[in-house]
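Residue strings, one per chain:
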Amino acid sequence: MSAAAARAVSAAAERAAALTRAARGGDRRALARLLTEVENRTSAGEAALRELYPQAGGAHLVGVTGAPGAGKSTLVAALVSEARNDARPVAVLAVDPSSPITGGAILGDRVRMQLHASDADVFIRSMASRGHAGGLAGTTLGAAAVLDACGFGLVFIETVGTGQSEVEVASVADTTVVVQAPEMGDEVQAIKAGLLEVADLVVVTKGDRPGASRAAAQLRAMLTVGGQHDRAAGDRPRPKRPDVLLVSGLTGSGVAEVLAALDRRAAARDAAPPADGPSAAALARAEAQVGGLLAERVATRLHQPAQAPQWAEVLRAVAKHEVDPYSAADRLLATIGVPGEGA
Amino acid sequence: MSDRPIKVLIAKPGLDGHDRGAKVLARGLRDEGFEVIYTGLRQTPEMVVSAALQEDVDVVGLSILSGAHMTLLPRITDGLRKAGLDDVLVTAGGIIPDDDIPALEKVGVSRVFGPGTTIREVADYIRGNVRPRA
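As a starting point, this report considers the structure included with it.

Reading the values: the criteria
- Residues numbered from 1 in each chain as written.
- Chains lettered and ligands numbered in written order.
- Predicted model: local features only at pLDDT ≥ 70, side-chain atom pairs only at ≥ 80, totals over all residues.
- Helix = DSSP H or I, 4+ residues; strand = E, 2+ residues; numbered from the N terminus.
- Rg over C-alpha atoms; globule rule 2.2 N^0.38 Å.
- Buried ≥ 20, exposed ≤ 12 C-beta atoms within 10 Å, placed from the backbone.
- Contact = placed C-beta atoms within 7 Å.
- Pairing = 2+ DSSP bridges.
- Axes fitted to C-alpha atoms, helices over the stretch in contact; angles between N-to-C directions.
- Parallel < 35°, antiparallel > 145°, perpendicular 65-115°, else oblique.
- Left-handed = near helix turned anticlockwise from the far one by under 90°.
- Expected span 1.5 Å × (residues − 1).
- Nonpolar A, V, L, I, M, F, W, Y, C, P; charged D, E, K, R; others polar.
- Core = buried A, V, L, I, M, F, W, Y, C linked by C-beta atoms within 7 Å.

### Topic: the overall build of chain A
- Along the backbone of chain A there are twelve helices and eight strands.
- Against the 2.2 N^0.38 benchmark of 20 Å for 343 residues, chain A shows a C-alpha radius of gyration of 22 Å, consistent with a compact globule.
- Its C-alpha atoms put chain A at 65 × 50 × 45 Å along the principal axes.
- Residues classed as buried in chain A amount to 39% of the 343 residues present.
- In chain A, once contacts between residues fewer than 6 apart in sequence are set aside, the share between residues at least 24 apart is 71%.

Structure, rendered in structure tokens:
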């Protein structure tokens, strides 16, 4: 490593250490800056995560997902207020999509989260997905670890508005809440595979509207069906049997019940004997993070400027159907010393 | 990192309900490749400052058509300074008489955009004046 590069690394480490110390001491501006470093994948951000990761792991990470306009932000805002009644520090990471064309984004989840502007124990941060598919940003888990290590015991991760199958949040959150507005379709929608299947809790929003309780009843009937077969299923993967709760952001009814259901899950996790090892959610989160970083690091090495001519040549050959995509991938992997599948 | 998108907070302080301009600008800046945090109507100065701080934005754009700009904008720039956010670029737009602009510039509003401003002008101004962040 050159002397200049070594200096840059130590400057980043110092910056990370200073921000980390201040953020853990309650400095919200330092926390905000730290999240920016993480989000921008700077070396200071990486250094901070290395330092903070051992301090994290205690928070209950609650994923909140559902279709655009279903009421995710309103529900999260109501849950934040409810948690603040017990003086618990709460953080929110709210992800909205980045434009695939310009890279720009409208991050609009704060519109529904206005109540706690002067409350230092509520921290809300918007994140643009920045090209990451699956409903989160590539750095959302890193940001959640920072908030966790800075004393936020309850962290809501609100996904982009999802369709039927963006289920990434379920593999990284401790608890996944699927938000469903009434009038979103008939009972067949409720038995389709995908998003509803990953719910630990289904929340039907807009409970003040006509038809809302009927929608909740339909979902309940369809999602809990077949429970008696679970015991006979042996080792086959079993569907979850989520509770279905009805809330109204307008009247506030049902919100306390949702928070209580979340707290019961956190308590169950915390009560599990240490001999059982990490929870399935924690293991899945570990796999997502390590796997994501591995892919990212391999991609970075593959895309070093020196490789550009090789890439161009391989892509041209594949485009002309002279080389198949599998051999092309193997050839590129070989450039960084990884033997390909066909080797 | 040079390719990180510029983060802009678009907020409407005060009580007027005319947010078409703010929304059009938010949408236009999105198309210019900015990450735009939109907070909606009826923001108090405290809400604006708190959002700017938590989101760690580079720019705060304030839209105001109520005539209360001489009261609200200085409170916001003052709040930003007190929160340690003196490196954030503050711009304003809406209906603001020319005579008021020097006083607003004095309290830290770097630029006031009047009716007829194009989105490209705003975007170019931001790109040219946003302060480099560590």
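Alright, that's what it looks like, and here's the rest.
### Considering the sheet that holds strand β8 (residues 243–246) of chain A
Residue and element names in this part refer to chain A.
- Read from one edge of the open sheet, seven strands run β4-β2-β5-β1-β6-β7-β8, paired in parallel fashion. Only two strands of the sheet have a single partner each, and these edge strands are β4 (122–128) and β8. Within the sheet, the average angular offset between the axes of one strand and its neighbour, ignoring direction, is 20 degrees.
- The pairing of strand β7 (residues 201–204) with β8 spans four bridges and is parallel. Paired with Val204 across the bridge in β8 is Leu246.

### Overview of the packing of helix α1 (residues 3–24) of chain A against helix α3 (residues 43–52) of chain A
Residue and element names in this part refer to chain A.
- Across the interface, α1 lies against α3 with an axial gap of 8 Å and an inter-helix angle of 55 degrees. The orientation of α1 relative to α3 falls into the category oblique. Crossing hand, α1 versus α3: right-handed. Along the contact surface, α1 presents Val9, Ala12, Ala13, Arg15, Ala16, Leu19 and Thr20, while α3 presents Ser43, Ala44, Ala47, Ala48, Glu51 and Leu52.

### Some remarks on helix α1 (residues 20–31) of chain B
- Its twelve residues place the ends of α1 of chain B 17 Å apart at the C-alpha level, agreeing with the 16 Å of an ideal helix rising 1.5 Å per residue.
- Each element contacted by the buried residues of α1 of chain B is listed here: β3 (105–107) of chain A together with β1 (7–11), β2 (35–38), β3 (59–64) and α5 (119–129) of chain B.
- Downstream of α1 of chain B by a residue or two, Gly33 of chain B has a phi angle that is positive, lying close to 90 degrees.

### A short note on the interface of chain B and chain A
- In this assembly, 28 residues from chain B lie in contact with 26 residues from chain A.
- When residues of the side of chain B that touches chain A are traced back to their parent elements, those giving at least two are α1, β2 and α2 (45–55) of chain B.
- The element that contributes the greatest number of residues to the side of chain B that touches chain A is α2 of chain B, accounting for seven residues.
- Classifying every residue of the side of chain B that touches chain A by side-chain character gives twelve nonpolar, seven polar and nine charged.
- Pairing between β3 of chain A and β2 of chain B: three bridges, direction parallel.

### Concerning the sheet that holds strand β4 (residues 89–94) of chain B
- Read across the open sheet, the six strands follow the order β3(A)-β2(B)-β1(B)-β3(B)-β4(B)-β5(B); overall the sheet is parallel. Of all strands in the sheet, those bounded by a partner on one side alone are β3 of chain A together with β5 (111–113) of chain B. Shown here is a sheet whose adjacent strand axes are inclined to one another by a mean of 25 degrees, direction ignored.

### Quick word on the nonpolar core
- Core analysis: the biggest nonpolar cluster contains 125 residues, and Val155 of chain A together with Val36 of chain B have the highest contact counts within it.
- The contact partners of Val155 of chain A, leaving out residues within four places of it in the chain, are Ala59, Leu61, Val62, Ala91, Leu93, Ala144, Leu147 and Asp148 of chain A.

### Considerations on the environment of Ser66 of chain B
All names here are of chain B.
- Structurally, Ser66 can be placed in the loop between β3 and α3 (69–82).
- Judged by local crowding, Ser66 falls into the partly exposed class, with 16 C-beta atoms found within 10 Å.
- The spacing of Ser66 and Gly14 is 52 residues in sequence and 7.4 Å in space, taken between C-alpha atoms.

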